[in-house]
Amino acid sequence: MVSAHANNEGSQESASITPGGTYTIQTVSVGCKIYIRRPTPDGEEERLAEILSIRDKPVNSYTSAQRTNARGGVKEEEEDAPDKPEDKWEYFVHWDQFNKRLDEWVTGSRLILSRDLEWPRPKVLPGKKAGPGSLQKAPGKAPRSQSLLKKATSNAAAAASPTSASTPGRSAFPSPSPAPSLKRKLTDDEEEEEEEEIEGDDVDAEGEMDVDGEGDTFELNVNGAQVETPPPVSSFSKEQEIEKLRTSGSMTQSISEIARVKNLNRLQIGKHEVEAWYFSPYPKEYAHLPVLYICEFCLAYFPSPMMLSRHRQRCTLFHPPGNEIYRHQDISVFELDGKRQLSWCRNLSLLSKCFLDHKTLYYDVTPFMYYVMCLRDSTGCHIIGYFSKEKESAENYNVACILTLPQHQRHGFGKLLIEFSYELSKKEGKLGSPEKPLSDLGLLGYRAYWAEVIVELLINTTDELSIDDIAQKTSITHADIMNTCTTLQLFKHYKGQHIICLSEAVLEKHEKVRNKRRRRIYADNLIWKPPVFTRDQLRFY
């Protein structure tokens, strides 16, 4: 193997480069960066990507091609042989400068072996300097049996302790089968690397993140290394914020969560087929399916459309199994108790984990109430999104986990869910705030909602309002109001005191948003009383 090194005398760390055409596909290992063909609307592009995991091309009994003998009616299986020899391997890649949710499995034939192969940077131990000699050795071939996907899925379904399983929103967890452990266990090497990274910094990897970026925050790149974020600037640019969230990957704070490789390709939910974004602890038997079929009413999952159709003949659900507490036009919201509807809430959390990776995972769903928003038609109530809420929150969080399913995003339903959560807080007579950290999309959604509500209240009120008055009228916490007003630059210093002043730019932007928004929550249609739980009912363990 020919190895060339970048000539950079001013830098102690440089990547080892193998020129194109001098290596084979067997040389490519986990951690390398290589150019890969990526389909685009205009055709195809060659984009740099990092190899996160390697596996043999999966073969699943449910996806084997079958053909029927017309004479005897006998089904014969056809072996789906790969077109090219290199297609017997698949590579899980992270596209350079793209969000983590776009990570995907690609076949070996899409790797461009004629272009340079970049090896991962050598790891420098604390107190040691990286010299030229430390760059001469390129990493060897990583065993395929040690791929991150196999470790994640096998550990997710092997153990049997319910305390080590998981659920997003603080609420994702295993399948309805008896208590399989779904929490990924780190290997000894991974534990040592994680300890070194944590000891080298004064930041808690499981700590909370400031929702508005006003405090000290940190991000994690795909390799789990901490990247220092620049100090916040006084002027807020939405375009810069969106670009930062788009390219910086996930906002997850757990190093072990980043290492998890996406184990599902696509999900079919009713008439919609969507791509999974992140790892979800479904049983490992379903990991290599091209499509996982989900019943849109009971959220049970099946490996084939035939099994789903047989299930639909017996399934009696046409809406979430809870109390309908809100109805307006074609929108309904159902309230579910995680303790009473255990299997349904677990299935919901498994589904939502495919699109969320920023939450710590726990097994038990009983400490949560679930509020599921549905679109109602003649065939039933189809889930749009949901949010979960702790039955007893010490920090007065009114949302633990919130999600709009991808097929219903960009239609205003996310803001509708946020507005509904604050309507519940108004009924309770409490101030509320979402649990941190928020995902990138959740952060943008909450910022937009807070700005719209506060500006609209200031426009429609002729009397002077203090921060406390705004909080009591909107149920938004003082901290969120202060952060929003600071972001919008509403605070002005006038005659020795600070006042809230709406600029022309803010008013113009608010008018555009108000003309665009279609759906609202109407408090008169909400029939709900805050649930009251006894001490025994709040004892979950």
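Residues numbered from 1 in each chain as written. Predicted model: local features only at pLDDT ≥ 70, side-chain atom pairs only at ≥ 80, totals over all residues. Heavy atoms only, no water.

Turning next to the UniProt feature "active site" (unreviewed entry) in the protein. Sequence positions flagged by UniProt for "active site" (unreviewed entry) are, in local numbering, E435. With respect to the secondary-structure elements, E435 resides in the loop between β22 (433-434) and α8 (440-460). (UniProt positions renumbered as here; feature names shortened; annotations may be inferred. Helix = DSSP H or I, 4+ residues; strand = E, 2+ residues; numbered from the N terminus.)

Right, let's get into the pairing of strand β16 (residues 323-328). Bridge count for β16 against strand β17 (residues 331-337) is 5 bridges, and the pairing is antiparallel. Of the residues in β17, the one forming a bridge with H328 is I331. If you look at the hairpin formed by β16 and β17, you'll find 2 residues sitting between the two strands, and Q329 has a positive phi there, around 55°. (Pairing = 2+ DSSP bridges.)

Attention now goes to the sheet that holds strand β14 (residues 291-294). Overall, mixed pairing links the 4 strands, which are arranged β13-β12-β14-β15 in an open sheet. The open sheet is flanked by β13 (272-275) and β15 (301-302), the only strands paired with a single partner. Of the strand pairs in this sheet, β14 and β15 are connected by 2 bridges, and their pairing is antiparallel. Directly across from I294, in β15, lies its bridge partner Y301.

This part covers the nonpolar core. Counting 43 residues, the largest nonpolar core has I325, Y326, Y371, F387, F420, Y446 and I481 as its most contacted members. Contributions of two or more residues to this core are made by β16, β17, β18 (368-377), β19 (380-390), α7 (413-428), α8, α9 (467-474) and α10 (478-487). Setting aside anything within four residues of it in sequence, one finds Y371 in contact with I325, V333, F334, E335, G385, Y386, F387, K389, F420, L424 and W528. In terms of nonpolar packing, the next biggest core, distinct from the first, is built from 36 residues, Y286, L351, V365 and Y370 among them. (Core = buried A, V, L, I, M, F, W, Y, C linked by side-chain atoms within 4.5 Å. Buried < 20%, exposed > 50% of the residue type's maximum accessible area, 1.4 Å probe, protein only. Contact = heavy atoms within 4.5 Å.)

Attention now goes to the pattern of salt bridges. Counted according to the given criterion, the structure contains 14 salt bridges. The partner of E273 in a salt bridge is R266, with the nearest N and O atoms 2.8 Å apart. Residues R519 and D330 are paired through a salt bridge, measuring 3.2 Å at the closest nitrogen-oxygen approach. Pair noted here: R519 is in the segment after α11 (504-516) and D330 is in the loop between β16 and β17, with a separation of 189 residues, a long-range link. In this structure D330 comes out as partly exposed when scored by relative accessible area, which is 26%. One continuous salt-bridge network, built from bridges that share partners, spans R38, E45 and R47. (Salt bridge = Lys/Arg side-chain N within 4 Å of Asp/Glu carboxyl O.)

Let us look at unusual backbone geometry. Backbone geometry places L299, a non-glycine residue, at a positive phi of 65°. Residue position: L299 is located in the loop between β14 and β15. Phi at N396 is positive, roughly 60°, even though this residue is not glycine.

Strand order across the open sheet formed by 5 strands is β16-β17-β18-β19-β21, with antiparallel pairing between neighbours. Taken across any chain shown, the strands that pair with only one partner, and hence form the sheet edges, are β16 and β21 (401-404). For this sheet the average axis-to-axis angle between neighbouring strands, irrespective of direction, equals 20°. Bridge analysis of β18 against β19 gives 10 bridges, and the strand direction is antiparallel. Bridge pairing in β19 places L375 opposite H382. Strands in contact with α7 are β16, β17, β18, β19 and β21; relative to β19, the strand with the most contacts, it is inclined by about 50°. (Axes fitted to C-alpha atoms, helices over the stretch in contact; angles between N-to-C directions.)

Considering all chains together, one arrives at 14 aromatic pairs under this definition. When the centroid spacing of 5.4 Å and the interplanar angle of 90° are considered together, the rings of Y286 and Y301 count as edge-to-face. Remark: Y301 occurs in strand β15 and Y286 occurs in the loop between β13 and β14; sequence separation between them is 15 residues. In this structure Y286 comes out as buried when scored by relative accessible area, which is 19%. Residue Y301 is classed as buried on the basis of its relative accessible area, which comes to 10%. Plain terms: the ring middles of Y371 and W528 are 6.5 Å apart, the flat faces sit at 80° to each other, and that makes the pair edge-to-face. Placement of the pair is Y371 in strand β18 and W528 in the segment after α11, with a sequence separation of 157 residues. Grouping aromatic residues by their ring pairs yields a cluster made of Y326, Y371, F387, F420 and W528. Across from the ring centre of W95, 5.8 Å away, lies the NZ or CZ of R38, which sits over that ring. For the cation-ring pair, R55 lies above W105, with the distance from its terminal atom to the ring centre recorded as 3.8 Å. (Phe/Tyr/Trp six-rings, centres within 6.5 Å; stacked < 30°, edge-to-face > 60°. Lys NZ or Arg CZ within 6 Å of the ring centre and 35° of its normal.)

Turning our eyes to something else, we now look at α10. Restricting attention to buried positions, one finds in α10 the residues D480, I481, N483, T484, C485 and T487. On the buried face of α10, the contacting elements are α7, β22, α8, α9 and β23 (491-494). The first or second residue beyond α10 is Q489, which carries a positive phi of 60°.

Attention now goes to the packing of α8 against α10. Helix packing geometry: the angle between the two helix axes and the distance between the axes. Direction vectors running N to C along α8 and α10 enclose 85°, while the axes themselves pass 10 Å from each other. Taken together, α8 and α10 sit at an angle that is classed as roughly perpendicular. Taken together, the residues of α10 that come into contact with α8 (itself represented by W450, A451 and I454) are D480, I481, T484 and C485. (Parallel < 35°, antiparallel > 145°, perpendicular 65-115°, else oblique.)

At a closest axis distance of 9 Å, the pairing of α9 and α10 adopts a crossing angle of 115°. Judged by the inter-axis angle, α9 sits roughly perpendicular to α10. With respect to the hand of their crossing, α9 and α10 are arranged in right-handed fashion. The residues of α10 that touch α9, namely those facing I467, D468, I470, A471 and T474, are H478, I481 and M482. Class assignment for the residues of the contact of α9 with α10 results in 5 nonpolar, 2 polar and 1 charged. (Left-handed = near helix turned anticlockwise from the far one by under 90°. Nonpolar A, V, L, I, M, F, W, Y, C, P; charged D, E, K, R; others polar.)

Our next topic: the side chain of R110. Within the secondary structure, R110 sits in the loop between β8 (104-107) and β9 (117-118). Look past the residues within four positions of R110 in its chain and what remains in contact with it is Y35, I36, R37, R38, P39, W95 and E104.

Turning next to the pairing of strand β4 (residues 43-56). Taken together, the 8 bridges between strand β3 (residues 33-40) and β4 define a ladder with antiparallel strand orientation. Across the sheet, the residue bridging to Y35 is L48, located in β4. What sits between the antiparallel neighbours β3 and β4 is a turn of 2 residues. Across 7 bridges, the pairing between β4 and strand β7 (residues 89-95) is antiparallel.

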